[in-house]
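Overview (structure and organization)
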Amino acid sequence: MSPRTLTFTIFRYDPQDPDDTPRQQEFQLEEAPGMTVFVALKMLRETQDPSLQFDFVCRAGICGSCAMVINGVPTLACRTLTANYPEGRITLMPLPGFELIGDLSVNTGKFMRALSERLAAWLHPKSVDHSHDELEQRMEPHLAEAIYDTDRCVECGCCVAACATAQMRETFVGAVGLNKVARFALDDRDCREVDDFYHVIGDEDGVFGCMTLLGCADTCPKNLNHQMQIGYLRRKLALHPRIL
Ligand code: SF4
Ligand code: SF4
Ligand code: FES
C-alpha cells in the first residue's frame, strides 16, 4: 500500500514581528511508518519551512516541552502517532493560557517557575540538622509511592490548557499547581501545617475554584490521578479548623 499524504493545518504567528498577523498554514507530508506528530513537524521544518517554531527536548514524553493542541486536544506531539488520525488531517495549535513565543512554541517554563515560587513548591524540612552523619528519615512504602506518583508531572501544561477555570481566571493554580501542593502536603518530612497550605490554595484561585469536571485528568499525558489529589486537598482543608 502506498503511503498516505497527511495534511497539516498549523497556527503561524510571530508576536515579535509587528507586521505579522495570526493565521493558519497548510502543509502536505508523506506519512512514514510509526510517524509521530513531532517527527512530522521536524520533517516539515527540514524540508519545507525552516522558520516553523515548536519545542522539543527529549522526544520520549519526559521533558514536557512538545505539548500543543492536536485536533482540539492538548497533548504531547512526541507521543502522538499520526496513524491515530484516519482522515489524515491534523490541526496544530499552541497551548492556550501561556505566553506565545511563536507558532506552536509557548513559554511554559516561565509559567511553571512563577507557579512554583507562588506555591513555595519545595520541601520545607522539619529538621534543620544537615550534618552528614544524619540518617535518612524512614518512610512507609505506600507514602513514598503516593509522593512518587505526584512527582511524575512533567510540567507540560496540558492540564492548564484543558481547564476551563484556568482559561477564565489566570490566577487559578490549575491541576499542575494543586498537584504540586498535594506532593508536599503528603510528605511527612515537610514542616508545613494545614493552615500554611490553606493560605496558598484555600480559595477560588486554589482548590475551591476547581469545578471538578476533570479536563485535566482527561488530558494529562502522565495519567496523574487529579481526581484523587483534588479530593485529598479539599478534604484536608475543609475538615481542618482554620487557624487565623
Ligand atoms: S477538575 Fe479543576 S483543575 Fe481539573 S480541569 Fe476542571 S477546574 Fe481545572
Ligand atoms: S499534571 Fe499532567 S498535564 Fe499537568 S503539567 Fe503535569 S504532566 Fe502535564
Ligand atoms: S519532546 Fe519531551 S515530552 Fe515531547
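Here is a short report on the structure shown in this document.

Analysis parameters
Residues numbered from 1 in each chain as written. Chains lettered and ligands numbered in written order. Predicted model: local features only at pLDDT ≥ 70, side-chain atom pairs only at ≥ 80, totals over all residues. Heavy atoms only, no water. Buried < 20%, exposed > 50% of the residue type's maximum accessible area, 1.4 Å probe, protein only. Helix = DSSP H or I, 4+ residues; strand = E, 2+ residues; numbered from the N terminus. Arc of directions from axis to C-beta. Contact = heavy atoms within 4.5 Å. Axes fitted to C-alpha atoms, helices over the stretch in contact; angles between N-to-C directions. Parallel < 35°, antiparallel > 145°, perpendicular 65-115°, else oblique. Left-handed = near helix turned anticlockwise from the far one by under 90°. Nonpolar A, V, L, I, M, F, W, Y, C, P; charged D, E, K, R; others polar. Near = heavy atom within 4 Å. 1 Å grid on protein atoms, 1.4 Å probe; cavity = no way out; pocket = protein on both sides within 12 Å on 5 of 7 lines; lining within 4 Å. Sits in = over half its atoms within 2 Å of the grid points. Expected span 1.5 Å × (residues − 1).

Our next topic: helix α3 (residues 141-150). Residues three or four positions apart in an α-helix share a direction because the helix packs 3.6 residues into each turn. Residues of α3 that are buried: L143, I147 and T150. All buried residues of α3 lie within an arc of 60 degrees about the axis, which places them on one face of the element. In α3, those exposed residues whose orientation departs by more than 90 degrees from the buried face are P141, H142, E145 and Y148. Residues of α3 that are buried sit in contact with α6 (174-186) and α9 (226-239).

Take the packing of α3 against α6 next. Orientation of α3 relative to α6, taken along the N-to-C sense of each, is 160 degrees, at an axis distance of 9 Å. On the basis of their axis angle, the class for α3 and α6 is roughly antiparallel. Judged by the sense of rotation from one axis to the other, the crossing of α3 with α6 is left-handed. The segment α3 lies against α6, with L143, A146, I147 and T150 engaging N179, R183 and L186. Of the residues that constitute the contact of α3 with α6, the class distribution is 4 nonpolar, 2 polar and 1 charged.

Looking now at the site of ligand 2. Lining the immediate surroundings of ligand 2 are 13 residues, of which C153, C156, C159, C220 and H226 lie closest. Here ligand 2 occupies the largest cavity. Along the lines of polarity and charge, the residues of the shell around ligand 2 split into 9 nonpolar, 2 polar and 2 charged.

Over its 14 residues, α9 extends 20 Å from the first C-alpha to the last, a length consistent with the 20 Å expected when each residue adds 1.5 Å. By the burial criterion, the buried members of α9 are H226, Q229, I230, Y232, L233 and L237. Buried positions in α9, seen along its axis, are confined to an arc of 160 degrees and lie on one side of it. Turned more than 90 degrees off the buried face of α9, the exposed positions are Q227, R235, A238 and L239.

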